[in-house]
Amino acid sequence: MNRIDFPILGREVYKRPLIYLDNAATTQKPRCVVEAIDEMYYSVNANVHRGVHYLSQRATDLHEGAREKVRAFINARSTAEILFTRGTTESLNLVASSFSEAFLHEGDEVILTVMEHHSDIVPWQLVRDRKGIVIKVIPMDDRGDLDLEAFKSLLTDRTRLVCCCHVSNVLGTINPVKEIGRLAHEAGAYMLVDGAQSVPHFPVDVQDLDCDFLTFSGHKIYGPTGIGVLYGREELLDKMPPYQGGGEMISRVTFEKTTYERLPYKFEAGTPDYVGSYALGVALDYVSSLHDEKSGLRGMELIAAEEAELTRYAMERMREIEGVKFYGESAQKTSVVAFNVFQPDGTLIHPMDLGTLLDRLGIAIRTGHHCAQPLMQRCGVEGMARASFALYNTKDEIDAFIAGLKRVVKMF
Ligand code: C6P
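Residues numbered from 1 in each chain as written. Predicted model: local features only at pLDDT ≥ 70, side-chain atom pairs only at ≥ 80, totals over all residues. Heavy atoms only, no water.

1. With respect to the overall build of the protein chain
Per the secondary structure count, the protein chain includes 13 helices and 18 strands. Here the C-alpha radius of gyration of the protein chain, 22 Å, is about what a compact globule of 412 residues would show, namely 22 Å. With respect to the principal axes defined by its C-alpha atoms, the protein chain has extents near 70 × 55 × 40 Å. Considering the protein chain as a whole, with its 412 residues, one finds that 54% of them fall into the buried category. Looking at the protein chain alone, contacts between residues at least 24 apart form 69% of all its contacts between residues at least 6 apart. Of the roughly 17600 Å² of accessible surface on the protein chain, 50% is carried by carbon and sulfur atoms. Charge separation in the protein chain, taken as the distance between the mean sites of 45 positive and 57 negative side-chain charges, equals 2 Å. (Helix = DSSP H or I, 4+ residues; strand = E, 2+ residues; numbered from the N terminus. Rg over C-alpha atoms; globule rule 2.2 N^0.38 Å. Buried < 20%, exposed > 50% of the residue type's maximum accessible area, 1.4 Å probe, protein only. Contact = heavy atoms within 4.5 Å. Areas by Shrake-Rupley, 256 points an atom, 1.4 Å probe, with all protein chains shown as cover. Lys, Arg positive; Asp, Glu negative; His and termini not counted. Charge placed at Lys NZ, Arg CZ, Asp CG, Glu CD.)

Here it is, written out as structure tokens:
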């Protein structure tokens, strides 16, 4: 589907056609996104929110227009709730820093899950070191589903925030974040959803989820690197102190006292990445415009359906290979397939070796701990191989991946 829109997919590596199956790390960019970056620099570039001149106003319009596109894309109530950041990592650090200043005291509890990415673990450990909060962890079963009964027993009257990835970047599990959020709210806590691996793969509606925060990165949804989003409920953002100080975020500065700008600017110190925001908006337009006449599906619904079929097919074909072990077999799963291959005597083929040999065949997958070392410990391994699919991948590519994997496994 739409491969023609992604020029990089036509290139070769090691004189072989590129087969790019590392989409959970970052997606490739459609021509319209790359052209948007060009266009912004070639014919619009000026700093936003500052100038009375034409270019500055035009750049501001495009930047704020992108904010409105993000708002509509995740169905936030207002653009005041859409903060531009550098990506999911910065969004999570912003919440950890500012939310903890406003809402967390010694002994308060933050609940994470065993499948969180490091960027939703380490910022909370920094808060723990600073404020003496308690971190609790929701466990999972062997299929990769969170244990909701265990979660309920973790909730106490000291729970202030529950943080959960919407989709695990390793297991692909789609976590029941709406239900988790409902239970969190009932217990008087807030709910943060790390949407880095969900927003690019199926429709996400923050009002339907009823979450308090949602984070995602532009580069995982066909947009540029260096731009991301933090959605935050307005009444919470209002109570949180700024994350950084500088230009843009102030209303008035004297040496005695500074007052802050209204939302969302209070959290956007310095010159924002207006080129990135504009190109992200173009990426969101791109995915929203996709449609398939046969199925009648559009936009993110179409992406979800196509990727589900690719994932089903890939896992079915991988089962042909003796010794393949999957990590993450939830019934609710996106297009991330983590695995290892064991030899008949039980010896693990090192995932790095698999990845390196597949690379020589032009097939790009990711290997290692995937920035989820606690999850690796839970699964009893140091690392895994991971193939992850996007809208432009095809069954032919999966066939080539399977052939490559078979060839590589045979070499051991
Ligand atoms: N996961 C992966 O290969 P950044 O790097 O800020 O754009 O996103 C961080 C992040 C946070 N949460 C989840 C669930 C993620 O998957 C990621 C990024 C990439 O799996 C790079 S480690």
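2. Here's the deal with the packing of helix H11 (residues 351-360) against helix H13 (residues 395-410)
Their axes nearest at 10 Å, the elements H11 and H13 cross at an angle of 120°. Regarding the angle of H11 to H13, the classification is oblique. By crossing handedness, the relation of H11 to H13 is classed as right-handed. Residues Leu354, Leu357 and Leu358 of H11 lie in contact with H13, whose contacting residues are Phe401, Gly404, Leu405, Val408 and Val409. Classifying every residue of the contact of H11 with H13 gives seven nonpolar, one polar and no charged. (Axes fitted to C-alpha atoms, helices over the stretch in contact; angles between N-to-C directions. Parallel < 35°, antiparallel > 145°, perpendicular 65-115°, else oblique. Left-handed = near helix turned anticlockwise from the far one by under 90°. Nonpolar A, V, L, I, M, F, W, Y, C, P; charged D, E, K, R; others polar.)

3. Quick look at the pairing of strand E4 (residues 82-85)
Every regular strand shows the same layout, with side chains that alternate between the two sheet faces. Along E4, one buried face is formed by Ile82 and Phe84 and the opposite face, lined by Leu83 and Thr85, is buried too. Judged from the four bridges that link them, E4 and strand E10 (residues 228-232) form a sheet pairing that is antiparallel. If you follow Thr85 over to E10, its bridge partner there is Gly228. (Pairing = 2+ DSSP bridges.)

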